[in-house]
Amino acid sequence: MDDIAARLREKKAELDDQMGQMEQRPSDQGSISFGKRVGEGTSMAVDRLSQVAVHDQLQVTLADVNRALEKLDDGTYGTCDVCGKPIGEGRLEALPWAVLCVDDAARR
Ligand SMILES: [Zn+2]
């Protein structure tokens, strides 16, 4: 179990780092290579949107990592937050911060 906590903390640090980098960087990349062809602002807007989507995704994952750490503390780690069934070893192996079973994760 200590291994899992260590993996989760590592992932959390990685996510914090990625989000920190995104928040710092103004959207001045992209304007150099694409600026003129697509039309003023278009490529930058698209860039910005995809960055926002990635950022949202990172935030969702971070929330899961935090929740998984709480579940380790409560002793409910490995069970689904919605239905309470076991999440499954294969899934936890691939996604140690999974807090929902495959079915509930698909419905979220
Ligand atoms: Zn479930």
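Residues numbered from 1 in each chain as written. Predicted model: local features only at pLDDT ≥ 70, side-chain atom pairs only at ≥ 80, totals over all residues. Heavy atoms only, no water.

### Remarks on the overall build of the chain
- Each helix and strand in the chain was counted, giving five helices and zero strands.
- Ordered by position from N to C terminus, the α and β elements of the chain give α-α-α-α-α.
- For the chain, the proportion of its 108 residues judged to be buried stands at 31%.
- In the chain, the proportion of contacts linking residues at least 24 apart, taken out of those at least 6 apart, comes to 52%.
- Of the roughly 7,400 Å² of accessible surface on the chain, 52% is carried by carbon and sulfur atoms. (Helix = DSSP H or I, 4+ residues; strand = E, 2+ residues; numbered from the N terminus. Buried < 20%, exposed > 50% of the residue type's maximum accessible area, 1.4 Å probe, protein only. Contact = heavy atoms within 4.5 Å. Areas by Shrake-Rupley, 256 points an atom, 1.4 Å probe, with all protein chains shown as cover.)

### With respect to the UniProt feature "domain: Zinc finger DksA/TraR C4-type" (unreviewed entry) in the chain
- In the numbering adopted here, UniProt assigns the feature "domain: Zinc finger DksA/TraR C4-type" (unreviewed entry) to residues 75-103.
- Secondary structure within residues 75-103 divides into 28% helix and 0% strand; the distance between the first and last C-alpha atoms comes to 22 Å. (UniProt positions renumbered as here; feature names shortened; annotations may be inferred.)

### Here we look at the pattern of salt bridges
- Per the counting criterion, the structure on display carries five salt bridges.
- A salt bridge links Arg67 to Asp81; its shortest N-O distance comes to 2.7 Å. Separated by 14 residues along the polypeptide, Arg67 in helix 3 (residues 42-74) and Asp81 in the loop between helix 3 and helix 4 (89-94) bring together distant segments of the chain.
- A residue is classified by how much of its surface remains accessible, and Arg67, at 25% relative accessible area, is partly exposed.
- Notably, a salt bridge pairs Lys71 with Asp81, separated by 2.8 Å at the nearest N-O pair. Taken together, the positions of Lys71 in helix 3 and Asp81 in the loop between helix 3 and helix 4 put the pair ten residues apart, joining distant regions of the chain.
- Given a relative accessible area of 1%, Lys71 falls into the buried group.
- Three or more residues are tied together by salt bridges with common partners; here these are Arg67, Glu70, Lys71 and Asp81. (Salt bridge = Lys/Arg side-chain N within 4 Å of Asp/Glu carboxyl O.)

### Some points on the nonpolar core
- In terms of nonpolar packing, the biggest core is built from 20 residues, with Leu8, Val65, Ala68, Leu72 and Tyr77 touching the most fellow members.
- Only helix 1 (2-24) and helix 3 provide two or more residues apiece to this core.
- The element contributing the most residues to this core is helix 3, with six residues. (Core = buried A, V, L, I, M, F, W, Y, C linked by side-chain atoms within 4.5 Å.)

### Here's the deal with the coordination of the zinc ion
- Taken together, Cys80 (SG), Cys83 (SG), Cys101 (SG) and Asp104 (OD) make up the full set of protein donors to the zinc ion, lying 1.7 to 2.3 Å away.
- What the four donor atoms of the zinc ion show is an angle range of 105 to 115° at the metal, which sorts the shape as tetrahedral.
- Here Cys83 falls in the partly exposed class, since its relative accessible area comes to 36%. (Donors = N, O, S within 2.8 Å, 3.2 Å for Na, K, Ca; no water. Tetrahedral: all angles 85-135°; square planar, octahedral: opposite > 155°, others 65-115°.)

### Describing the side chain of Thr61
- Mapping Thr61 onto the fold places it in helix 3.
- At 3.0 Å, the side chain of Thr61 forms a polar contact with the backbone oxygen of Gln57.
- Apart from residues no more than four positions distant in its own chain, Thr61 is found in contact with Lys11, Leu15 and Trp97. (Polar contact = N/O pair within 3.5 Å; in protein donor to acceptor, adjacent residues only side chain to side chain.)

### Things to note about the UniProt feature "zinc finger region: dksA C4-type" (unreviewed entry) in the chain
- Look at the UniProt record and you will see "zinc finger region: dksA C4-type" (unreviewed entry) annotated at residues 80-104.
- Helix makes up 36% of residues 80-104 and strand 0%. Its end C-alpha atoms lie 8 Å apart.

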